[in-house]
Amino acid sequence: MKIKKGIPLIDQHDKNYLYGGKFGGNFIPETLKKPIDDLTKLFTKLRKDKKFLEERDYYFKNYVGAPTPFIKLENLTKYLGGAQIYAKVVSEANGGAHKIYNATVHCLIAKRAGKKYIVGDTGAGYAGKMLAMAAKKFGLKCKIFMGSRDIKRQRPNVEAMKKNDAEIIPVKTGSQTLVDAVSECMRYWVSNCNTTHMCVGSTVGPNIFIKICAFSTAQISRELIKQIKDEFGRIPNKLKLMNCVGGGSSAMGFWNEFMDTNAEFIGIEAGGPKNSKLHAAPLTNKSKIGILHGAAQYLVQDKEGQVGSIESCSAGLMYPGISPLHCFLKDTKRAKYTSATDEEAFKAYQLVSKLENISPSLEPSHAFAEAIKIAPKLKSSEVIVINSCGDSIKDKDIIKKKLGFYIR
Amino acid sequence: MKSKITLAFKQCIKEKRPALITYTVAGDNTKKISLKILNSIAKHADILELGFPHNTPIADGGQIQTSSYRALKNGIRLKDVFHIVKKFKKSNPNKPLILMGYYNLIYQRGENNFLNSCKISGVDGLIVVDLPYPENKNFAKKCKKKSINFIQLLSPTTSKERIKKIIKDSHDMIYYISMLSTTGGKLKVSPKKIIQNYKKIKKINRKKNLVIGFGITNKTISSLKNSDGLVVGSQLCKVINDSIKKRQNPVTKLSKLVYNLKKQIL
């Protein structure tokens, strides 16, 4: 299995839409074949359409607020005394996270497809919030599927969805979290695919949704590669790009433009509560390949193929599978994956929020935890960049409950 | 040799009526009861579909989800599913039984292993909800080699060109999904329109047994009589659910329902 140079990663699949011959594909009910084919054709056309790309860039600049800042974390660097630590503060994007890129592009596509309704799933609530915002901006009616448990623990984002006129559909089946929200959203689409466009919130699901999402979040690394060259005059020899991975959309966007460079990719999965066997880290824990939401991927599951129970303090990382693109990056050894526990994430949140002007949400706090672990062992000539892809404000309640206080 | 599925359809044609096809979930609500249900409804139904439950069923509506979760909670495993089939076939050797479910369970067990277990227990056909054409070509071939029917699905969104290709590659039975919906949705298309679409597909190859499913209940079944077969699933799951809630015997309740369904298509 090999990654080809000079070809976008999202296009490195075979005729069955499998990456590396085994990840991804379209394991979908017959009813969705046509809508997915239609969407695939439309997206293939739009990707080459200058006007569409101009439109995308226009909204990324004037609506999302590109570029997001790239800053040195001076205090954290000093405190850890090793590698130089930087952050790409993607949480400064409109709405507060990277999910705005995918949401914006999906709305632009829905408009081109002549659809008036758009539906999406959400875990941490960012994907839902951004889709609600973008739908409102582009005049689409929006429904968001969200697990009942996540509705309770991610209040601020739920409020934001309501403010943007989205209808929130609580999902009460299974674990009542992201995995169930994605399933329920797909079911809704099966029943309404003739009138409704579906946005999958991450680089998961049937192939076309993986493509659209990674195409959208790639904006992060388009900005970053410029910012890094401005800062260092070139891409540093020893550069580590660290990103949390749940479904894997922000990491894909963070790494995309660096694919053919020497930059090292490190993905951090949710290790779950310390000493518990529950985690959402299929890559770190050598899970077997399974099929979830239309795609083959490493999957937390039992021997028979029932999707396994997972646990994490961060709703956004709580997905039992992982993007087929990350499976591909793992098996080709282009990226390395590890996990951080809930406790490590809370500690990292605390340290970064105390020392710096940014305050990462619990998702990127997993990536910061890994940076904090390895930075002291590295030379000062080495550079670590962390994608701070969400803001802690959405986790205020969870953090207060766990630590007894909240700082930002 | 003709398959048991083909023979069942032949018999129905002789009796000038569509085949009645039922769907229940293996292990709902226990292994024992689901076997009892099969044995009892087999008196009225022509072909039985048995779901092997998955905990992330992306194409199923509320009723079948509830049945699946309940069966899994009660500890149903694949080996139990095959055990139920084997026992059922022992007392009903000529009644066709079709297993229905999601691909991940087949993938984890290994396609060949899964098919061997099907063969040994006496499964006549397979419906794999999330393994569409043409991705299912290889697996369908493997089924054929073992004389197990791989049942292709068609939906209102399937293009005419695609329908032709799928029919060409199909075995003894094809499943037409009546409307854009998960299982158990309310029939949102008129039966007349469904039969119109049905006839268009039937015209392509009259020899293939084409059945209709999704949204069919005792209220709608008689209006769809003009077909080779009709599948009722969610209503059966609902009756199991209701009778558990009311502490009634699901076996007799289901038997009664299937008897009524049959009466309406005679």
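Residues numbered from 1 in each chain as written. Chains lettered and ligands numbered in written order. Predicted model: local features only at pLDDT ≥ 70, side-chain atom pairs only at ≥ 80, totals over all residues.

1. As for the environment of A:I7
Residues and elements named next belong to chain A.
Phase 1 of the analysis: Inspection of the secondary structure assignment puts I7 in the segment before β1 (18-19).
Phase 2 of the analysis: By C-beta crowding, I7 is classed as exposed, having 11 other C-beta atoms within 10 Å.
Phase 3 of the analysis: In this structure the C-alpha to C-alpha distance between I7 and M259, which are 252 residues apart in sequence, comes to 9.6 Å. (Helix = DSSP H or I, 4+ residues; strand = E, 2+ residues; numbered from the N terminus. Buried ≥ 20, exposed ≤ 12 C-beta atoms within 10 Å, placed from the backbone.)

2. Points about the pairing of strand β9 (residues 239-244) of chain A
Residues and elements named next belong to chain A.
Phase 1 of the analysis: The buried count for β9 comes to six of six residues, which makes it a mostly enclosed element.
Phase 2 of the analysis: Along β9, one buried face is formed by L239, L241 and N243 and the opposite face, lined by K240, M242 and C244, is buried too.
Phase 3 of the analysis: Looking at chain direction, β9 and strand β14 (residues 383-387) are connected through four bridges and run parallel. Counted as the bridge partner of K240 is I384 from β14.
Phase 4 of the analysis: Judged from the five bridges that link them, β9 and strand β10 (residues 264-272) form a sheet pairing that is parallel. Paired with K240 across the strands is E264, a residue of β10.
Phase 5 of the analysis: Viewed along the sheet, the connection from β9 through helix α11 (residues 249-255) into β10 turns out right-handed. (Pairing = 2+ DSSP bridges. Right-handed = clockwise from strand over helix to strand, strands pointing away.)

3. Thoughts on unusual backbone geometry
All names here are of chain B.
Phase 1 of the analysis: Look at the link from D28 to N29: it is a cis peptide, with omega at -5°.
Phase 2 of the analysis: Mapped onto the elements of the fold, N29 is located in the loop between β1 (19-25) and α2 (31-41).
Phase 3 of the analysis: The omega torsion of the bond from Y133 to P134 falls at 0°, within 30 degrees of zero and hence cis.
Phase 4 of the analysis: Considering the arrangement of structural elements, one finds P134 in the loop between β4 (125-128) and α7 (137-145).
Phase 5 of the analysis: Of note, the phi angle at K16 is positive, near 55°, even though the residue is not glycine.
Phase 6 of the analysis: Within the secondary structure layout, K16 lies in the loop between α1 (4-14) and β1.
Phase 7 of the analysis: Using a count of 8 C-beta atoms within 10 Å as the deciding quantity, one classes K16 as exposed.
Phase 8 of the analysis: Of note in the backbone geometry, S147 takes a positive phi value of approximately 55° without being a glycine.
Phase 9 of the analysis: Structurally, S147 can be placed in the loop between α7 and β5 (149-150).
Phase 10 of the analysis: S147 sits in the exposed class, given 12 other C-beta atoms within 10 Å.

4. Some thoughts on the pairing of strand β3 (residues 97-101) of chain B
Residues and elements named next belong to chain B.
Phase 1 of the analysis: With respect to burial, β3 is a largely interior element, five of its five residues being buried.
Phase 2 of the analysis: Here β3 shows no split at all, with L97, L99 and G101 on one side and I98 and M100 on the other all buried.
Phase 3 of the analysis: Pairing between strand β2 (residues 47-51) and β3: four bridges, direction parallel. For L48, the partnering residue across the bridge sits in β3 and is L97.
Phase 4 of the analysis: Sheet topology places β3 next to β4; four bridges connect them, and they run parallel. Bridging from a neighbouring strand, M100 pairs with I127 of β4.

5. Some remarks on the sheet that holds strand β3 (residues 70-72) of chain A
Sheet strands associate in pairs through backbone hydrogen bonding, adopting either a parallel or an antiparallel arrangement.
All names here are of chain A.
Phase 1 of the analysis: What the six strands build is an open sheet, ordered β3-β4-β14-β9-β10-β13; its pairing is mixed. Only two strands of the sheet have a single partner each, and these edge strands are β3 and β13 (335-341). Recorded for the sheet is a direction-independent mean angle of 25° between the axes of neighbouring strands.
Phase 2 of the analysis: The pairing of strand β4 (residues 84-88) with β14 spans five bridges and is classified as parallel. Bridge pairing in β14 links Y86 to V385.
Phase 3 of the analysis: Contacts from helix α13 (residues 342-355) reach β10 and β13 within the one sheet, and its direction differs from that of β13 by about 90°. (Axes fitted to C-alpha atoms, helices over the stretch in contact; angles between N-to-C directions. Contact = placed C-beta atoms within 7 Å.)

6. Section: the sheet that holds β3(B)
Residue and element names in this part refer to chain B.
Phase 1 of the analysis: Spatially, the nine strands line up as an open sheet ordered β5-β4-β3-β2-β1-β9-β8-β7-β6, and their pairing is parallel. Among the strands making up the open sheet, the edge pair consists of β5 and β6 (152-154).
Phase 2 of the analysis: Looking at chain direction, strand β7 (residues 173-177) and strand β8 (residues 209-213) are connected through five bridges and run parallel. When the bridges of β8 are listed, M173 appears paired with N209.
Phase 3 of the analysis: Its contacts with the sheet put helix α10 (residues 234-245) on β1 and β9 (229-232), and the angle it makes with β1 is roughly 45°.

7. Looking at the domain arrangement of chain A
Residue and element names in this part refer to chain A.
Phase 1 of the analysis: With domains assigned, chain A is organised as domain 1 (18-60 + 98-214) and domain 2 (65-96 + 220-403).
Phase 2 of the analysis: Using C-alpha coordinates to define each centre, domain 1 is positioned 22 Å away from domain 2.
Phase 3 of the analysis: Counting residues at the interface gives 42 residues for domain 1, matched by 44 residues for domain 2.
Phase 4 of the analysis: At the level of secondary structure, the elements contributing two or more residues to the side of domain 1 that touches domain 2 comprise β2 (23-24), α4 (99-112), α5 (126-137), α6 (148-153), α7 (155-163), α8 (178-192) and α9 (207-217).
Phase 5 of the analysis: With five residues, the single largest contributor to the side of domain 1 that touches domain 2 is α8.
Phase 6 of the analysis: Of the residues contributing to the side of domain 1 that touches domain 2, the split by class is 21 nonpolar, 16 polar and five charged. (Domains from an automatic or database assignment. Nonpolar A, V, L, I, M, F, W, Y, C, P; charged D, E, K, R; others polar.)

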